[in-house]
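Listed below, chain by chain, are the residues.
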Amino acid sequence: MLRRLASAVVAILAVAFLCVPPASALALPTPKDLTAFLDLECFKTSPYQPPATTLKLRHINPVLSTLPIETVTLGQREQLCVPVAKNNQTPPSSALNFIRYIDLACYKISGTTVTTGLVLSHLNPLFQSLPRTQISLNTPQQLCVPVIKNNVLPPAEVLSLVRHIDLKCYAITPNTSLNQQLSLRQLNPVLTPIIPTHGAQVLTARQLCVPVQKAGDVIPDEVFKIVRWIDLEKFDLVTPALPTVSLTLRHINPVLAGLPIEPAVLSGASQLALPVAKNGNFPPG
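Details of the state of the cysteines
Okay, so step 1: Enumeration according to the criterion identifies three disulfides in this entry.
Okay, so step 2: There is a disulfide in this structure between Cys106 and Cys144, and the S-S distance comes to 2.0 Å. Taking the sign of the S-S torsion, 110° for the link of Cys106 and Cys144, the bridge is right-handed. Here Cys144 lies in strand β7 (residues 133-149) and Cys106 lies in strand β5 (residues 104-108), a separation of 38 residues in the sequence. Judged on exposure class, the residue Cys106 and its partner Cys144 are both buried.

What follows is the structure in structure tokens.
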């Protein structure tokens, strides 16, 4: 009987061990921690037209969930948006592990003008004291989708989140100026040795990029609860001359993973995407 009891204890401990994540596993950040420090510097890229690809998109942020599902076609790639830190800020480690691998390739799209009024609040602590701005969301212009650079994959836990970040970017009015001088530092390991920390003048607001889900992309519930809160307002940017960078881009979203690897030459930063909340609906956490 003692032998059977000992065997049962061993079996229970084995199951418990299998259910405990390894010590190195990265816990998902809260929506608040991820979004508050998600700043993306958007570089112009060499022209690239992907194979004909049609996608059905639905809005997943609570504020815009009533907007209709829309079918779009991927046009020419226009930008690559990569993670940066502003001034001397360092994101919390729980968020930094994920933010540093959020690279979004932005493709031209067209669609229906929605003319939706919104009030935007900055989320990053550096800009939280700035007044709220009232804007109108107008015509869709871009779809920004997750990629990896030079075949450098993030850790599995990070990939499980960043591969589901899809942002639909709309033109906005009025085009107010932020008029802020910043220092920007690259966070992704592929670009940190190449692009130095540099000054940047943040100017006119042009777009609001809001989270969507592509038909066929099954987003795990714990990831959905985070990515649905990613709203980025894109501002024109002026920087000193930066190094020209040649990269390869590979799609990591399940729906687009079959597209070919793309060559991309970065030819200068053109915009900065800053995290915002809409209509006082702030990310939880």
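Observations regarding the pairing of β5
Okay, so step 1: Extensive coverage of β5 is indicated by the burial of four of its five residues.
Okay, so step 2: Both strand β4 (residues 77-86) and β5 contribute to a ladder of four bridges, which runs antiparallel. For Arg77, the partnering residue across the bridge sits in β5 and is Tyr107.
Okay, so step 3: Sheet topology places β5 next to β7; five bridges connect them, and they run antiparallel. If you follow Ala105 over to β7, its bridge partner there is Val145.

Some words on the environment of Leu26
Okay, so step 1: Mapped onto the elements, Leu26 comes out in the loop between α1 (2-19) and α2 (31-36).
Okay, so step 2: Remark: the alpha-carbon pair of Leu26 and Phe98, spanning 72 residues in sequence, is separated by 9.0 Å.
Okay, so step 3: Leave out the neighbours within four places in its chain, and Leu26 touches Asn97, Phe98, Pro155, Glu157 and Val158.

Remarks on the pattern of salt bridges
Okay, so step 1: For the coordinates displayed, the defined rule picks out eight salt bridges.
Okay, so step 2: When the shortest N-O distance is used, the salt bridge between Asp103 and Lys149 registers 2.8 Å. Separated by 46 residues along the polypeptide, Asp103 in the loop between α3 (93-99) and β5 and Lys149 in strand β7 bring together distant segments of the chain. Grouping residues by exposure puts Asp103 and Lys149 together as buried.

What to know about the side chain of Gln186
Okay, so step 1: Its location among the elements puts Gln186 in strand β9 (residues 177-186).
Okay, so step 2: Taking the relative accessible area as the measure of exposure, Gln186 reaches 4% and is therefore buried.
Okay, so step 3: Within the structure, the side chain of Gln186 is placed 3.0 Å from the side chain of Glu41, a separation counted as a polar contact.
Okay, so step 4: Residues contacting Gln186, with those up to four places away along its chain left out, are Glu41, Phe43, Val82, Pro83, Val84, Leu191, Thr192, Ile195 and His198.

Focus: the pairing of strand β2 (residues 54-59)
Okay, so step 1: Of the two faces of β2, only the one carrying Leu55, Leu57 and His59 is buried; Thr54, Lys56 and Arg58 on the other face are not.
Okay, so step 2: Inspection of the sheet shows β2 paired to strand β3 (residues 70-73) by four bridges, in the antiparallel sense. Along β3, the bridge assignment pairs Leu57 with Glu70.
Okay, so step 3: In this structure, β2 lies alongside strand β10 (residues 198-214), joined through three bridges in antiparallel fashion. Of the residues in β10, the one forming a bridge with Arg58 is Gln213.

About the cut-offs
- Residues numbered from 1 in each chain as written.
- Predicted model: local features only at pLDDT ≥ 70, side-chain atom pairs only at ≥ 80, totals over all residues.
- Heavy atoms only, no water.
- Disulfide = S-S within 2.5 Å.
- Helix = DSSP H or I, 4+ residues; strand = E, 2+ residues; numbered from the N terminus.
- Buried < 20%, exposed > 50% of the residue type's maximum accessible area, 1.4 Å probe, protein only.
- Pairing = 2+ DSSP bridges.
- Contact = heavy atoms within 4.5 Å.
- Salt bridge = Lys/Arg side-chain N within 4 Å of Asp/Glu carboxyl O.
- Polar contact = N/O pair within 3.5 Å; in protein donor to acceptor, adjacent residues only side chain to side chain.

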